[in-house]
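Fold and geometry: a report
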Amino acid sequence: MDKKTVTTISYLSRLKIDSEKEQKIVKDLDNIIKFVDQLNDVDTSSIEPLTNPLEKTAKTRKDEVTAKNLKKELLEVAPSANEDYFLVPRVVE
Amino acid sequence: MTVKYKTIKEIKQMISQKEISNKEIIEEVYKLIDENSHLNAFVTLNKDRSIKKAEDLDNNPSDSSLAGIPIAQKDLFCTKGIRTTCGSKILNNFIPPYSATVIENLENAGCISVGKTNMDEFAMGSSNETSFFGNVHNPWGEKLVPGGSSGGSASAVAAGIVPAASGTDTGGSIRQPASLCGITGIKPTYGRVSRWGMIAFASSLDQAGPMARTAEDCALLLNEMCSHDVKDTTSLDENIPNFEDSINEPLKGKKVGVVKDLDLSSLDNDVIGVYENSLQEFVSLGAELVDISLPNLSLSVPTYYVVAPAECSSNLSRFDGVKFGRRSENPKDLEELYIQTRSEGFGDEVKRRILIGSYVLSAGYYDAYYKKAQQVRRLIKKDFDEAFSDVDVIMTPTTRGPAFEIGSKGNDPIQMYLEDLFTISANLAGLPAMSLPNGNIDNKPIGLQIIGNFLDESTILNFGHMYQTKTNWHMFTPEGVKQ
Amino acid sequence: MSWETVIGLEIHAQLSTKSKLFSGGSTEFGAESNTHVDLVDMGLPGVLPVANKEAFYKAIRFGLATGAEINQVSSFDRKNYFYPDLPKGYQITQMTKPIVEKGSIKVLTDEGEKLINITRAHLEEDAGKSIHDLFEGETGVDLNRAGTPLLEIVSEPEISSAKEAVAYFKAIRQLVTFLDICDGNMAQGSMRCDVNVSIKKSGDKELGTRAELKNINSFKFIEKAINYEIERQIRVIENGESVVQETRLYDSDKNETRSMRSKEEANDYRYFPCPDLLPVVISDKELQEIKDNLPELPEEKERRYISEIGLEESEAKIISSSKTMANMFEKASSKTDDIKLVAKWLVGDISALLNKDNIEIDESNLSPENFGKLIERISDNTISGKIAKSVLEEVWENGSDVDEIIQTKGLIQIQDESVLEDIARKVIDSNSDQVASYKSGKDKLFGFFVGQVMKETQGKANPKSVNEILKKLLK
């Protein structure tokens, strides 16, 4: 875990670390990774990963439209919107 | 007639014997909130609606199980039309257009949601020191932490302001504050309570549960909180027993698992003493102590600190300033919108966990960290499955010690993570677990953890209630012992 | 230097379910912005996905029709990245275990039939739409489309030319429309594709570096884009440089491909199993039901049309090649006995009108019932074939009922022999010169008399009767 790695994962997470805090974050993250490294000592060669503690399968929905038109409520909670769309700064492809 | 420090059962009796009106109850609650504002337990109050609901009940009494009972709701649950912040700046202005299923269940049972409680930001923390809205204080001592992340809920109940509060528990966030504040709280089996409307931290670990003064009250609350919800496919479709039914069963012949591999060396002698005394109490109630082994228990903290950050790094991506929540001012382009909104909106602990999460999921590290942790997780679960073939419950201390001072865990995040040493494994395995007060050290409470088998909240509540008929630790308040 | 092209296609087909893959939001196209957005589609805090079983059934139909392996236990992964029309900041997709694996499809190329293998087909949710051109300095986001189920179909890199790529895409489109899993509407974006293109020297075993051409929505542009890209890659290599692995956009105005901004390269999607979604299981019973109810595919239809109905091979091929044509044919055929005439008109007059207006038959004003009626009226001699053409034109314009048109315009064929004979005599009497010429050997003048009778009757005379009567009278 070094400064370059932190910069890469910060960008992936869309986070900016203030330069004053940068050194501490790198140190904290490095310590955390070292702490979790102890997992490597365990033999898990034939063990299936556990994603969710419920060993069961999902219930599904019927193919029906149950949603109501929420346009007004949804655009109202938006930080920036006009009557029709959510708005963000112009995206250049 | 005061409602301070009263249990739900006691308040219900007061209502039915017409010793107090619903309106008087709610008015007193708001008075108590005011008097205790230094605790900073509440973020948003719901005064007008609550008083109105109480008045309506006085005019039209109801016999629903929680009719008129004031409950504080952790600010992680979406409440329709009422600000929901999750303790974060980024949701500072968020008013959800819908309510969580848990909230609806409790309100349908008649309760009055008096306000939203303060919490560690996005449920990440064990001391309620990471909230955007400031620290929560422990009623047992202003300089003390209440625990976290359900610090506000624990503090409100411990201070006697409300008889009960909702909490959530991902790595111990109900049980640990319950222990540090001297109250009772239970995290049910994963899937018992719907997660619809619960702002997600770590989807495979999060679970909502009640926090109250007694195991009996927790049983009553759990009855109402649990439901099968088709909107949440991780919600169980199993029979939900009446959790109050078996709380009085004698404990004779029941087996208590005592973990051989538990490293108690880091604990103070007082704490060990309190713990061992509780075990003896259960022996005198007729239970039998059985040594069990959970060989992978010590790996639960590192496992959790891979899995939980991984899930949260993805769950928190939706907070991007585009559709809801706070957005940074005048971003010059899209990149700036994302980076500034999130960097300004999230606190340091949240950022740390998102970064760890992104790291352990990134190409090249996934197998070594995330996949590995999920494999160890299965081992931890297997340990419990095997142990429960020999015992009915497993007991450990809930925390390493009583409440510590605000700011004392200082600069090392790992020190804070180790606070959850005893509680985390139950979340990884999806098992129910409860904390109840079992001692008092230097006028600071501490708790005992009872872990149960899959779907076996009833047995946990039975053990807890029987303990509370024989001991009076749950009657201790910061102002003295209740009579 | 002899170059070989290696092409693989990733086709995204929007499944024609009523509601979205993980929510009850409507998938209806063309609705007012942000009106079909459910709480779950929005990715609001605390919402959770619930899988739509119909999407799985449709995906399985595709798997069965391509002879693929079906994974009856489906799991889902999260693909994490940031974009305004991706509400949750991740897309739910199937990276590790797709629902369909290893199928194949026959494609008709210039060199004959070729089998193209399909690596996999998996379910994933679509994103919303970003609208860049409406506002100054801002982009608008419409989340109606967010959450719509997509089947991503990935071919093996076995396609060797732009033409072949188009043929493959057309074959897939035909298949998904016949299976009733996707409406194949390119203009509405129901099918989109990304193309991976690389070149190598003939005989080389190793594949060259590929470029990905993204989001091309028409057959014409796919062919042009690929051809441009092949030329470009050849130029690059012949200049001594290497092809860069990157994503490129096709500019249809300039007919060139351009490198997209490098953000794609910086993306690590950090796939991991979605913890909110437990695996979805399709039972053996359900699988059997899907098998039993698989819609008839083009080849089967063609065979049936030829063997059971007796259509010509050329007609059968044309009608069975398009789902909408086949539907029209089969429905109209139930309204009349003269099925062969239905086919003849479909392949002839109606196809001509479709080409002229550049539409599909189900976008026209002609309903199957009306079409069937038209053929029936020819068959029962109510109107002549020639008159029927004008009736068809009217129906085509405004969808009016065939019988109503016949009535209002008085187009009923004149069958009455005595009436026709009178008119024929009248024509003969007023054209004595032509009669003389005809009788002296100018056989071609027969057509003139027929024409005059038709003129007198505004075309309503039964042509066969006219012929017979005139023959008799002119003896």
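Read on for a plain summary of the structure.

For chain C, the count of helices and strands is 16 helices and 16 strands. Considered along the principal axes of its C-alpha atoms, chain C spans approximately 95 × 55 × 50 Å. Sorting the 475 residues of chain C into buried and exposed places 54% on the buried side. Pairs at least 24 residues apart make up 68% of the contacts formed inside chain C by residues separated by at least 6 positions. Taken as two groups, the 62 positive and 82 negative side-chain charges of chain C have centres that lie 3 Å from each other.

On to the sheet that holds strand 6 (residues 100-109) of chain C. All names here are of chain C. The strand order 2-6-7-10-1-11-12-13-14 describes an open sheet built from 9 strands, whose pairing is mixed. With partners counted over all chains shown, the strands left at the sheet margins are strand 2 (69-70) and strand 14 (256-259), one partner each. Bridge count for strand 12 (residues 211-216) against strand 13 (residues 247-251) is 3 bridges, and the pairing is parallel. By the bridge assignment, K214 is partnered in strand 13 with L249.

Counting from both sides, the interface comprises 64 residues of chain B and, opposite them, 49 residues of chain A. With both chains or domains summed, chain B and chain A bury close to 5,200 Å², and 68% of this area falls on carbon and sulfur atoms. Among the residues chain B hides against chain A, the three largest losses belong to L355, Y359 and R378 of chain B. Together they make up 13% of the total. Counting across the chain B and chain A interface gives 5 salt bridges. For D348 of chain B, the salt bridge goes to K21 of chain A, with nearest N and O atoms at 3.1 Å. Among the elements of the structure, helix 9 (300-315), helix 10 (334-345), helix 11 (348-361), helix 12 (367-387), helix 13 (413-417) and helix 14 (424-429) of chain B are those that each provide at least two residues to the side of chain B that touches chain A.

As a further point, take the packing of helix 2 (residues 19-36) of chain A against helix 11 of chain B. In the contact formed by helix 2 of chain A and helix 11 of chain B, the axes pass within 11 Å of each other and the chain directions differ by 55°. Between helix 2 of chain A and helix 11 of chain B, the interaxial angle falls into the category oblique. At the point where helix 2 of chain A passes helix 11 of chain B, the crossing takes the right-handed sense. Seen from helix 2 of chain A, the contacting residues are K21, K24, I25, D28, L29, I32 and I33 of chain A; seen from helix 11 of chain B, they are D348, R352, L355, I356, Y359 and V360 of chain B.

So, on to the packing of aromatic side chains. Throughout the structure, instances matching the rule amount to 29 aromatic pairs over all chains. Considering the side-chain rings of F319 of chain B and F324 of chain B, the 5.9 Å spacing of their centres and the 85° angle between planes classify their relative orientation as edge-to-face. With a relative accessible area of 3%, F319 of chain B lands in the buried category. With relative accessibility at 2%, the residue F324 of chain B sits in the buried group. Between F448 of chain C and F449 of chain C, the aromatic rings sit 5.5 Å apart at their centres with planes inclined by 65°, giving edge-to-face as the arrangement. A relative accessible area of 28% places F448 of chain C in the partly exposed class. Exposure remark for F449 of chain C: the relative accessible area of 0% places this residue in the buried category. An aromatic cluster of three or more residues is present, and its members are F94, F122, F319, F324 and F346 of chain B. Lying across the ring of F219 of chain C, K170 of chain C places its NZ or CZ 5.2 Å from the centre.

Here we take up the pairing of strand 8 (residues 288-292) of chain B. Residues and elements named next belong to chain B. Note that strand 7 (residues 255-259) and strand 8 share 5 bridges and pair parallel. Paired with V256 across the strands is L289, a residue of strand 8. For the crossover that starts at strand 7, traverses helix 8 (residues 269-284) and ends in the parallel strand 8, the hand is right-handed.

A separate point is the environment of D456 of chain B. Residues and elements named next belong to chain B. Assignment of secondary structure puts D456 in the loop between strand 11 (444-452) and helix 15 (457-470). For D456 and P432, which are 24 residues apart along the polypeptide, the C-alpha to C-alpha distance reads 7.1 Å. If near-sequence neighbours (up to four positions away) are discounted, D456 is found in contact with T189, D392 and P432.

Let us look at unusual backbone geometry. Residue S149 of chain B follows G148 of chain B across a cis peptide bond; omega there is 10°. Structurally, S149 of chain B can be placed in the loop between strand 3 (112-117) and helix 5 (151-158). With phi around 55°, R14 of chain A is a residue other than glycine that occupies positive phi space. Residue classification places R14 of chain A among the buried positions, given a relative accessible area of 7%. Although it is not a glycine, A123 of chain B adopts a positive phi angle of roughly 70°.

The interface is formed by 36 residues belonging to chain A together with 50 residues belonging to chain C. Of the roughly 3,700 Å² buried between chain A and chain C on both sides combined, carbon and sulfur atoms contribute 61%. Joining chain A to chain C, the criterion identifies 2 salt bridges. The partner of K71 of chain A in a salt bridge is E32 of chain C, and the shortest N-O contact between them spans 2.8 Å. On the surface where chain A and chain C come into contact, there are 22 residue pairs in polar contact (both at pLDDT 80 or more). The element that contributes the greatest number of residues to the side of chain A that touches chain C is strand 1 (residues 86-89) of chain A, accounting for 4 residues. In the side of chain A that touches chain C, the residues fall into 15 nonpolar, 9 polar and 12 charged. Pairing between strand 1 of chain A and strand 9 (residues 138-142) of chain C: 4 bridges, direction antiparallel. Across the sheet, residue L87 of chain A finds its bridge partner in strand 9 of chain C, namely G140 of chain C.

This model, assessed by the stated rule, comprises 69 salt bridges over all chains. For the salt bridge of D320 of chain B with K323 of chain B, the shortest nitrogen-to-oxygen distance reads 3.2 Å. Of the residues examined, D320 of chain B reaches a relative accessible area of 2% and is grouped as buried. Judged by relative accessible area, which is 1%, K323 of chain B ranks as buried. Put simply, E54 of chain C and R61 of chain C hold a salt bridge, and the shortest N to O gap is 3.7 Å. A cluster of three or more residues bridged by salt bridges with shared partners is formed by K24 and D28 of chain A together with E349, R352 and R353 of chain B.

What follows concerns helix 5 of chain B. Residues and elements named next belong to chain B. Burial analysis of helix 5 places 8 of its 8 residues in the buried class, the great majority of the element. For helix 5, the set of buried residues is G151, G152, S153, A154, S155, A156, V157 and A158. At the exit of helix 5 stands G160, carrying a positive phi of roughly 80°.

Residues and elements named next belong to chain B. Here N128 is to be found in the loop between strand 3 and helix 5. On the basis of relative accessible area, N128 is assigned to the buried category, the value being 0%. Reaching out from N128, the side chain makes a polar contact with the backbone oxygen of M119 at a distance of 3.4 Å.

Once that is clear, we can look at the nonpolar core. With 179 residues, the main nonpolar core has L66, F122, F282, I450 and L461 of chain B as its most contacted residues. For L66 of chain B, the contacting residues outside a window of four places in its chain are I8, I71, L106, A109, G110, C111, L220, L221 and E224 of chain B.

To continue, consider the sheet that holds strand 9 of chain C. Taken in spatial order, the 3 strands of this open sheet run 1(A)-9(C)-8(C), and their pairing is antiparallel. Of all the strands in the sheet, just strand 1 of chain A together with strand 8 (129-135) of chain C have a single pairing partner and so form its edges. For this sheet the average axis-to-axis angle between neighbouring strands, irrespective of direction, equals 40°.

How two helices pack is summed up by the angle between their axes together with the distance between the axes. Residue and element names in this part refer to chain C. Following both chains from N to C, one finds helix 2 (residues 53-65) and helix 5 (residues 284-292) inclined at 60°, their axes separated by 10 Å at the closest point. Classified by the angle between their axes, helix 2 and helix 5 sit oblique to one another. With respect to the hand of their crossing, helix 2 and helix 5 are arranged in right-handed fashion. Judged by residue contacts, K53, Y57, I60, R61 and L64 of helix 2 engage E286, L287, I290 and K291 from helix 5.

What counts, and where the lines are drawn
- Residues numbered from 1 in each chain as written.
- Chains lettered and ligands numbered in written order.
- Predicted model: local features only at pLDDT ≥ 70, side-chain atom pairs only at ≥ 80, totals over all residues.
- Heavy atoms only, no water.
- Helix = DSSP H or I, 4+ residues; strand = E, 2+ residues; numbered from the N terminus.
- Buried < 20%, exposed > 50% of the residue type's maximum accessible area, 1.4 Å probe, protein only.
- Contact = heavy atoms within 4.5 Å.
- Lys, Arg positive; Asp, Glu negative; His and termini not counted.
- Charge placed at Lys NZ, Arg CZ, Asp CG, Glu CD.
- Pairing = 2+ DSSP bridges.
- Buried area = accessible area lost by both parts, 1.4 Å probe.
- Salt bridge = Lys/Arg side-chain N within 4 Å of Asp/Glu carboxyl O.
- Axes fitted to C-alpha atoms, helices over the stretch in contact; angles between N-to-C directions.
- Parallel < 35°, antiparallel > 145°, perpendicular 65-115°, else oblique.
- Left-handed = near helix turned anticlockwise from the far one by under 90°.
- Phe/Tyr/Trp six-rings, centres within 6.5 Å; stacked < 30°, edge-to-face > 60°.
- Lys NZ or Arg CZ within 6 Å of the ring centre and 35° of its normal.
- Right-handed = clockwise from strand over helix to strand, strands pointing away.
- Polar contact = N/O pair within 3.5 Å; in protein donor to acceptor, adjacent residues only side chain to side chain.
- Nonpolar A, V, L, I, M, F, W, Y, C, P; charged D, E, K, R; others polar.
- Core = buried A, V, L, I, M, F, W, Y, C linked by side-chain atoms within 4.5 Å.

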